[in-house]
Amino acid sequence: MVTYTRAATTELRDRIRTRLKQALKAFETGGDPDDSTMDDLVKARLNQGSGSDDLRRLTSALRAFDLASIFTIHSFCQRVLQDSAFESGALFDSSFLRDQKHLVSEIGNDFWASEMYEASPDLVRFMTESTDPVTPEKMIELADKATKSLNMPILPEFGADWTPDQALAKWQALHKRASEMWAADRAGIVALLAESSALRKNMYAKAKVEGPWATSMDACMEPGRLGVPGDFVNFKKFTMEGLLAAKKKGGEVPVHEFFECCSELQEASSGLEDIKLALYVKLARYARHEIDRRKQALGVQSFDDLLYRLSNALRGESGARLAASIRDRFPGALIDEFQDTDPVQYRVFTRVYQDAPIPVSLFLIGDPKQAIYAFRGADVFAYMDARRDAGDRRHTLGINWRSDPKLVTAVNTVFDCAQHSFVFDEIEFDSVRHKPGAVDVLAKKLEDSAARQVLFVARAGRESRGGQIPKNWAERHVPTMTANAIADLLQGGTTIRDQAVRPSDIAVLVRKNKHALAVQDALRAAGVPSVVEGDASVLDSPE
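Here we summarise the structure given alongside this text.

Cut-offs and rules
- Within every chain, residues take consecutive numbers counted from 1 along the sequence as written.
- With the structure being a predicted model, the display of local features is reserved for residues of pLDDT at least 70 and the display and counting of side-chain atom pairs for 80 or more, all residues being used for whole-chain, interface and lining totals.
- As a rule here, side-chain values come from all non-hydrogen atoms in the structure, and water together with hydrogens is ignored.
- Here a helix means four or more residues in a row that DSSP labels H or I, a strand means two or more in a row labelled E, and each is numbered from the N terminus.
- We take the radius of gyration over the C-alpha atoms and set the globule estimate at 2.2 Å times the residue count to the 0.38 power.
- For the exposure calls, accessible area comes from a 1.4 Å probe over protein chains only, and a residue counts as buried if that area is under 20% of its type's maximum, exposed if over 50%, partly exposed in between.
- Per-residue and other accessible areas were derived by the Shrake-Rupley procedure at a 1.4 Å probe size, with only the shown protein chains allowed to occlude residues.
- For a helix, the expected span equals 1.5 Å multiplied by the number of residues minus one.
- Where helices are involved, their axes are fitted lines through C-alpha atoms of the stretch in contact, as for all axes, and angles between N-to-C directions lie from 0 to 180°.
- Each angle receives one of four descriptions, namely roughly parallel if under 35 degrees, roughly antiparallel if over 145, roughly perpendicular if within 65 to 115, and oblique otherwise.
- Helix crossings fall into two classes, left-handed where the near helix is turned counterclockwise from the far one by less than a right angle and right-handed where it is turned clockwise.
- When residues are sorted by character, Ala, Val, Leu, Ile, Met, Phe, Trp, Tyr, Cys and Pro go into the nonpolar class, Asp, Glu, Lys and Arg into the charged class, and all the rest, Gly among them, into the polar class.
- The nonpolar core is taken to be a set of buried Ala, Val, Leu, Ile, Met, Phe, Trp, Tyr and Cys residues, with the residues joined through side-chain atoms within 4.5 Å.
- Residues count as neighbours in contact if any of their non-hydrogen atoms are within 4.5 Å of one another.
- For two strands to count as paired, DSSP must find a minimum of two bridges between them.
- By convention, orient the strands away from the viewer: a clockwise path from the first strand over the helix to the second makes the crossover right-handed.
- Nonpolar side chains (Val, Leu, Ile, Met, Phe, Trp, Tyr) within 5 Å and like charges within 9 Å form the patches, drawn only from residues with over 30% relative accessible area and no salt bridge.
- What makes a salt bridge here is a side-chain nitrogen of Lys or Arg within 4 Å of a carboxyl oxygen of Asp or Glu, nothing more.
- Only four residue types enter the tally: Lys and Arg on the positive side, Asp and Glu on the negative side, with His and both chain ends excluded.
- In this description, the location of a charge corresponds to atom NZ of lysine, CZ of arginine, CG of aspartate or CD of glutamate.
- Think of a polar contact as two N or O atoms within 3.5 Å of one another; within protein, one of them needs to be a possible hydrogen donor and the other a possible acceptor, and neighboring residues in sequence only count if both atoms come from side chains.
- Aromatic contacts are taken between Phe, Tyr and Trp rings whose centres are within 6.5 Å, Trp giving its six-membered ring; a plane angle under 30 degrees counts as stacked, one over 60 as edge-to-face, and the others as tilted.
- Geometrically, a lysine NZ or arginine CZ counts as sitting over a ring once it is within 6 Å of the ring centre and also within 35 degrees of the ring normal.

## Focus on the overall build of the protein chain
Looking only at helices and strands, the protein chain has 19 helices and 11 strands in total. The globule rule puts the C-alpha radius of gyration for 543 residues at 24 Å, and the 33 Å found for the protein chain is more than 25% above it. For the protein chain, with 543 residues in total, the buried portion stands at 35%. As presented, the protein chain carries roughly 33000 Å² of accessible surface, and 53% of it is formed by carbon and sulfur atoms.

So this is what it looks like as structure tokens:
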């Protein structure tokens, strides 16, 4: 049995052990009146005369439960690589690197130093002084992303004949020519734009052309400038494309060689940005190769390396023998939380269990609507591939065993009315029933209160441009509105299992830490005690 995190593995162990104990007790007493499923199973087995054998198996299973094969995906890979070292080619003496940040940092800094040392002075100046400059910190951040998701393709591809020096030389030649034209005929160029009757005045206002636009062009045409300044958004007004977009019907746009040169400059400016992009692409490829080389030199491996090494071993020369040895030891596998898998993980299990020459079982359990680990490389499309591969061998749980009946009904109502709620046809919404005998443990004073309620904020008087409520207004007022709603709930006679609702029964989920602190301040002002659980990002959590 494989699941995604250590916490989930611990929970599975506890739940399976508890279920085995429950089953053992049921077989000893002849049934379980509190669990109809268990009761039916036990009575059916007893009627078949299998009770004694089942009791013996359950007792043995509990005694040997510590040997149960319940893994995280990484611990499963580690076990297989160690147990089948010859087939997998795994090293016997490598140690684990729990955090590879220092290696990634070294790679990013080394790459930065090497590239900057070999680059021309103009190229270094462009990359370090232009809008959105290249920095060692960005190198390290990108190297980290590239080495965490090895199955992610690196795009775009740059042709073998493309070089950053060519892009830089093209810009410099065009810029020199445009600068000379601007210096020689600035007044004439400005007058053509400001006084042309063929251009729409709402797009070429004389005051703007003669004022801020001309001043910005002065800065852009300074000798040695590399790239169009990021704040000169109206540079396109000096290009042929900009002029044609503003031309009145039947009019003729102003003609000047400078405008054509600016069109070429705009294209060349995009070519300059490709210099940075090409550098990032080069870094990503370098980082993936280099981190593997450095780990091998140090004799270390990360947890993700286990997964990739097992995947590569299964596709290697001894892959068939390795897959057979895994099937021999684990003829059945159950993968929990499969919506948070990735293509590499799915490739491992399909290589072992799909089209196997002997009877095997592979169960994949997951709900793509609960996929939450995309930031760590999980890929819901891998789940969708598995769903298609399963064909008609798919089963859906029809009962929600946890939620109150009113909430189940509310969720069904919302999503049954929607078309393509989850975008992809492979991700469907199936209405479910609440568990038999379930009652609403959350009871409000008003019996007809909906289980799911949405607080709407009126836009009138609060609209910004575009008719939307501005973010700064929401950040100032929504925490207070939330605190007031919670205070009303606490004072309104609401109960949970016939007990009055307490502040500790309520959770507020926010996107950012600052929002949590704002809600806490508002709750404090409303006289409601609260605590902030965790002030770190989930992206930095250890699992």
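Now that the structure has been shown, the text picks up again.
## Quick notes on helix 1 (residues 6-29)
An ideal rise of 1.5 Å per residue puts 34 Å on 24 residues; helix 1 measures up with 35 Å between its terminal C-alpha atoms. Along helix 1, the positions that sit buried rather than exposed are Ala 8, Thr 9, Leu 12, Leu 20, Ala 23, Leu 24, Ala 26 and Phe 27. Residue Gly 30 follows helix 1 closely and has a positive phi angle near 90 degrees.

## Details of the packing of helix 9 (residues 164-195) against helix 12 (residues 257-298)
At a minimum axis distance of 8 Å, the contact between helix 9 and helix 12 shows a crossing angle of 150 degrees. If you check the angle between helix 9 and helix 12, you find them roughly antiparallel. Every pair of crossing elements has a handedness; the one defined by helix 9 and helix 12 is left-handed. Class assignment for the residues of the contact of helix 9 with helix 12 results in 18 nonpolar, 3 polar and 5 charged.

## As for the nonpolar core
With 51 residues, the main nonpolar core has Met 217, Phe 238 and Phe 258 as its most contacted residues. Within the residue set of this core, elements represented by two or more residues are helix 6 (101-118), helix 7 (121-129), helix 8 (136-148), helix 9, helix 10 (206-220), helix 11 (240-246) and helix 12. Looking at this core element by element, the count peaks at 13 residues for helix 12. Those residues within four positions of Phe 258 in sequence are excluded, and the remaining contacts are Ala 178, Met 181, Trp 182, Ile 189, Met 217, Met 221 and Phe 238. Listed in part, the 31 residues of the second largest apolar core include Phe 71, Cys 77, Phe 330 and Ala 333.

## Examining the sheet that holds strand 9 (residues 442-443)
The antiparallel open sheet is built from 3 strands, whose spatial order is 9-10-11. With one partner strand each, in any of the chains shown, strand 9 and strand 11 (499-500) form the two edges of the open sheet. Across 2 bridges, strand 9 lies against strand 10 (residues 495-496) in antiparallel orientation. From the neighbouring strand, Leu 442 faces strand 10, where its bridge partner is Ile 496.

## Regarding the pairing of strand 5 (residues 332-335)
Consecutive side chains of a regular strand alternate in pointing toward one face of the sheet and then the other. By the alternation rule, side chains of strand 5 split into Ala 333 and Ile 335, which are all buried, and Gly 332 and Leu 334, of which none is buried. The pairing of strand 5 with strand 6 (residues 361-364) spans 4 bridges and is parallel. Bridge pairing in strand 6 places Leu 334 opposite Phe 363. Following the chain from strand 5 across helix 15 (residues 343-353) to the adjacent parallel strand 6, one finds a crossover that is right-handed.

## Digging into a positive patch on the surface
A surface patch of positive charge is lined by Arg 200, Lys 201, Lys 206 and Lys 248. Relative to the elements of secondary structure, Lys 206 occurs in helix 10. Overall, Lys 206 belongs to the partly exposed group, its relative accessible area being 44%.

## Side note on the pattern of salt bridges
The final tally for this structure, using the stated rule, is 34 salt bridges. Between Lys 170 and Glu 267 there is a salt bridge, with the nearest N and O atoms lying 4.0 Å from each other. Within this pair, whereas Lys 170 is found in helix 9, its partner Glu 267 is found in helix 12, the two being separated by 97 residues in sequence. With a relative accessible area of 54%, Glu 267 lands in the exposed category.

## Description of the side chain of Arg 288
When you line up the elements, Arg 288 lands in helix 12. The side chain of Arg 288 sits in the buried core without any salt bridge; Glu 157 is the nearest counter-charge, 9.7 Å away. At 2.7 Å, the side chain of Arg 288 forms a polar contact with the backbone oxygen of Met 152. Aside from chain neighbours lying at most four places away, what touches Arg 288 is Ala 146, Thr 147, Ser 149, Leu 150, Met 152 and Ile 154.

## With respect to the packing of aromatic side chains
Summed over all chains, the structure comprises 19 aromatic pairs. Judged by centre distance (5.9 Å) and plane angle (55 degrees), the ring pair of Phe 76 and Phe 330 falls under tilted. Of the two residues, Phe 76 is situated in helix 4 (residues 73-83) and Phe 330 in the loop between helix 14 (319-329) and strand 5; the sequence distance between them amounts to 254 residues. Phe 330 gets classed as buried once you look at its relative accessible area, which sits at 11%. Among the aromatic residues, those joined into a cluster by ring pairs are Trp 182, Phe 232, Phe 235, Phe 238, Phe 258 and Phe 259. Sitting over the ring of Tyr 204, Lys 237 keeps its end group 5.5 Å from the ring centre. Above the face of the Phe 422 ring, Lys 369 is positioned so that its terminal group lies 5.6 Å from the ring centre.

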